[in-house]
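# Geometric and topological summary
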Amino acid sequence: MAADMSGIQFRKLNTSKGPSVQATRVQADKIIYQNNIKKLLYKNKNLDIFQQKVINIKFDTNNNFNVITESNISFFSKSLVLTLGTFLNGEIYIGLNNKIYGGRYGDSTNSYLSDKLKNIFFKSIRRFKTGTPPRIDLRSINFKLLDKQYSDFPLPTFSFYLNRKKFLKQMPCYITNTNIETHKIILDNINKSPIYNNLIKSSGPRYCPSIEDKVIKFHDKKSHQIFLEPEGLNSNEIYPNGISTSLPIETQISFIRSIKGLEKSKITRPGYAVEYDFFDPINLNLTLESKIIRGLFLAGQINGTTGYEEAAAQGIIAGINSSRFSKNMDFWFPLRNESYIGVMLDDLCKKGVIEPYRMFTSRAEYRLSLRESNADLRLSDIGYKLGLISLNKWKKFCLKKEIIEKEKNRLKSTLINIKDINLINLNNKLCNKITNNISGYDLLRNQEINYEDLNKIDILKPLLKDNKIFNEIETQIKYEYYIYKQNKEIENINKYLNIHFPKNINFNKINGLSNEVICNLNRFKPKSLGEMLNISGITYSSIFIIKIWLKNNNFI
């Protein structure tokens, strides 16, 4: 809801593909978003907000926590959630000779708390890195040379319940690209990068690489796309998404000015890399409670993830279970077949991490069922029982669910005669002809027909007017068979988990596997599909691919 209220650009990603991989992306005004979140928080009468650096955490034999701030103020609680981001022993690098202690530029690191936590989690502490691009003064950019990218219309939104008639002013993003000259400047100065000079030795996010990584690892590419994103309606800063860097400021200026539209650009803040402590999530329960200390919950980058979405999802789970722990209530967490959060929790807590974790549809074996469009149908019932959805929203959800079921039943019970003139006219346009009497439900299974086409057949009128509801009905009907096949395939895979691979198996030669999967398979050398399941970064998609390869080569 806060994102919808703060959005300055709304886009639906992967619209050329099926609904199961489509996702809404919102570019939010940073300041307005913060203010909207604060307003929502301050409306909660049972919430006290206090801001100060925490320097120590103490707990007694009954696991009652005492959180101590730098002003020696104590907060006592039965449960505790740590969401420490990149601030545990955070070190910022801009070139080789500019190291700053902090988790974010302008905000100091927390070494006191890090040292305390090391004594508790000494076996699981490790380090990751991440980075950010420089910010550019929009007044110094020649936008006339660049391609514009506008919001989609109608605006796609996150909330199922917020019906906004007025949105913030929509702002375009602009697209440019690096070039051969840009890459040459970076390569000529690569020895000045702390990533390539061994000052930073930890792993970074594979799917959000620095521009240095892109130039080195994808040396055959002559350019890389950059999205110039506005930071807000009243901000003069542009976020150049795609050129995260830790090179010295003078090198940043040089390579940025080699880019089309940025020839006279001015940097307002330099890009940098940040290296920080995190704790292996394999030491957490699926509730995100520590296996070592009862009542202590960890969420976000402290668990080895990267990205705002992953952190927010963990915060929800940790918050729910911390609250329920304090009230002696049963814990709750979603399963892999219920939500992407369930997939992430299962991956983190059962496999651990070997690089910063990001959530992708390929990680979910049930991805045909885990669509953005049906998130309310999957989770509203649970949310209401947990007290996270208001009675008003619950009633709206129940009404929507009732409408969907009624319409599906109406389509099932409405039989269309093959001689119906309207069906004949529709049939003439189809590649796969209908040859028998057919129900409206089975007619909609046809991939050439959408819900609006049913309006051409009198017996099926009247149709629903709500686009989101009839799109969901259409998707459910069209996906029904594929979801059945998906679930049968998952059941089938379980029969082969103990089948051993041939001794000379070469994962590099199996078509369809990603570089990440091949890298992890060669690193851990699993002997079976079952062992593959225990490796971080291995997706069910890759297990399906290898199972088919084994079958085609007569190993199963």
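Here we summarise the structure given alongside this text.

Rules used throughout
- Residues numbered from 1 in each chain as written.
- Predicted model: local features only at pLDDT ≥ 70, side-chain atom pairs only at ≥ 80, totals over all residues.
- Heavy atoms only, no water.
- Helix = DSSP H or I, 4+ residues; strand = E, 2+ residues; numbered from the N terminus.
- Rg over C-alpha atoms; globule rule 2.2 N^0.38 Å.
- Buried < 20%, exposed > 50% of the residue type's maximum accessible area, 1.4 Å probe, protein only.
- Contact = heavy atoms within 4.5 Å.
- Areas by Shrake-Rupley, 256 points an atom, 1.4 Å probe, with all protein chains shown as cover.
- Lys, Arg positive; Asp, Glu negative; His and termini not counted.
- Charge placed at Lys NZ, Arg CZ, Asp CG, Glu CD.
- Arc of directions from axis to C-beta.
- Phe/Tyr/Trp six-rings, centres within 6.5 Å; stacked < 30°, edge-to-face > 60°.
- Pairing = 2+ DSSP bridges.
- Axes fitted to C-alpha atoms, helices over the stretch in contact; angles between N-to-C directions.
- Core = buried A, V, L, I, M, F, W, Y, C linked by side-chain atoms within 4.5 Å.
- Salt bridge = Lys/Arg side-chain N within 4 Å of Asp/Glu carboxyl O.
- Parallel < 35°, antiparallel > 145°, perpendicular 65-115°, else oblique.
- Nonpolar A, V, L, I, M, F, W, Y, C, P; charged D, E, K, R; others polar.

Looking only at helices and strands, one finds 16 helices and 20 strands in the protein. Its C-alpha atoms give the protein a radius of gyration of 26 Å, within 12% of the compact-globule value 24 Å for 556 residues. Based on the C-alpha atoms only, the size of the protein along its principal axes is roughly 80 × 65 × 60 Å. The proportion of buried residues among the 556 residues of the protein is 48%. Sequence-distant contacts, at least 24 apart, represent 68% of the contacts inside the protein between residues at least 6 apart. Accessible surface, the protein: about 29500 Å² in total, of which carbon and sulfur atoms supply 51%. For the protein, the distance from the average position of its 82 positive side-chain charges to the average position of its 53 negative side-chain charges is 0 Å.

Among the residues of helix α3 (residues 111-120), those classed as buried are L113, S114, L117 and I120. Looking straight down α3, one finds its buried side chains confined to an arc of 110 degrees; they lie on one side. Set apart from the buried face of α3 by more than 90 degrees, the exposed residues are Y112 and N119. On its buried face, α3 is in contact with β3 (54-59), β6 (80-82) and β17 (272-279).

The geometry of an aromatic ring pair is captured by the separation of the ring centres together with the interplanar angle, meaning the angle of the planes. Using the criterion set out here, one finds 17 aromatic pairs in the structure. For the pair F501 and F507, a centre-to-centre distance of 5.9 Å together with 80 degrees between the ring planes defines the contact as edge-to-face. Overall, F507 belongs to the buried group, its relative accessible area being 5%. Site record: aromatic cluster; members linked through ring pairs are F297, F325 and F331.

Note on placement: Y496 falls in the loop between α13 (467-494) and α14 (515-524). Residue classification places Y496 among the partly exposed positions, given a relative accessible area of 22%. Put simply, Y496 and S528 are 32 residues apart on the chain and 8.6 Å apart in space, counted from C-alpha to C-alpha. Apart from residues no more than four positions distant in its own chain, Y496 is found in contact with L529, K547 and I556.

This part takes up the pairing of β17. With 8 of its 8 residues buried, β17 lies for the most part within the structure. What you see with β17 is no split at all: Y272, V274, Y276 and F278 on one side and A273, E275, D277 and F279 on the other are buried throughout. By the bridge criterion, 3 bridges tie strand β7 (residues 91-93) to β17 in an arrangement that is antiparallel. Across the sheet, I92 pairs through a bridge with V274, a residue of β17.

Attention now moves to the sheet that holds strand β12 (residues 147-149). Read across the sheet, 6 strands follow the order β12-β13-β14-β15-β11-β16 without closing on themselves; strand pairing throughout is antiparallel. Of all the strands in the sheet, the pair left with one neighbour each is β12 and β16 (267-269). The average undirected angle you get between the axes of adjacent strands in this sheet is 35 degrees. Direction of pairing for strand β13 (residues 173-177) relative to strand β14 (residues 225-230): antiparallel, over a ladder of 4 bridges. Paired with I175 across the two strands is F227, which belongs to β14.

Counting residues in each nonpolar core, the largest one holds 61 residues, and the members touching the most others are L82, L117, L296, F501, L521, M532 and I546. In terms of residue count, the dominant contributor to this core is helix α8 (residues 340-351) (6 residues). The contacts of L82, once residues within four sequence positions are left out, are I57, L117, L296, F297, L298, A299 and I302. The next biggest cluster of nonpolar side chains, apart from the first, holds 21 residues, and it includes L430, I469, F470 and I477.

So, about the sheet that holds β3. Within a sheet, each strand pairs with its neighbour through backbone hydrogen bonds, oriented either parallel or antiparallel. Here 3 strands make up an open sheet; going across it, the order is β3-β4-β5 and the pairing antiparallel. Edge positions in the open sheet fall to β3 and β5 (74-77), since each of these has one partner strand only. Adjacent strand axes in the sheet meet at a mean angle of 20 degrees when their direction is disregarded. Judged from the 4 bridges that link them, strand β4 (residues 65-69) and β5 form a sheet pairing that is antiparallel. Within β5, the position partnered with I68 by the bridge is S74.

Here the focus is the pattern of salt bridges. Taken as a whole and judged by the stated rule, the model has 39 salt bridges. Residue K118 is joined to D277 by a salt bridge in which the shortest nitrogen-to-oxygen separation is 4.0 Å. Taken together, the residues span a long stretch of sequence, with K118 in helix α3 and D277 in strand β17 at a distance of 159 residues. Overall, D277 belongs to the buried group, its relative accessible area being 3%. Across the salt bridge formed by R336 and D346, the nearest N and O atoms sit 2.9 Å from each other. Taken together, the residues R336 in the loop between α7 (308-326) and α8 and D346 in helix α8 connect sequence positions 10 residues apart. Of the two residues examined, R336 and D346, each falls in the buried class. Several salt bridges converge on common partners, so that one network encompasses E91, K99, K118, R127, E275 and D277.

What follows concerns the environment of I518. Within the element layout of this structure, I518 appears in helix α14. Under the relative-accessibility criterion, I518 is labelled buried at 12%. Distance from I518 to N508, taken between C-alpha atoms, is 6.3 Å for residues 10 residues apart in sequence. Discounting residues that sit within four places of it in the chain, I518 has contacts with F507, N508 and L513.

Before going further, it helps to examine the packing of α7 against α8. Packed helices, taken two at a time, are described by the angle between their axes plus the distance between the axes. Close contact between α7 and α8 brings their axes to 10 Å; oriented N to C, the two are set at 90 degrees. As far as their axial angle goes, α8 and α7 are roughly perpendicular. Contacts from E310, A313, Q314 and I317 of α7 reach α8 at I341, M344, L345 and L348. Taken together, the residues of the contact of α7 with α8 break down into 6 nonpolar, 1 polar and 1 charged.

By themselves, these observations are geometric and do not establish any function.
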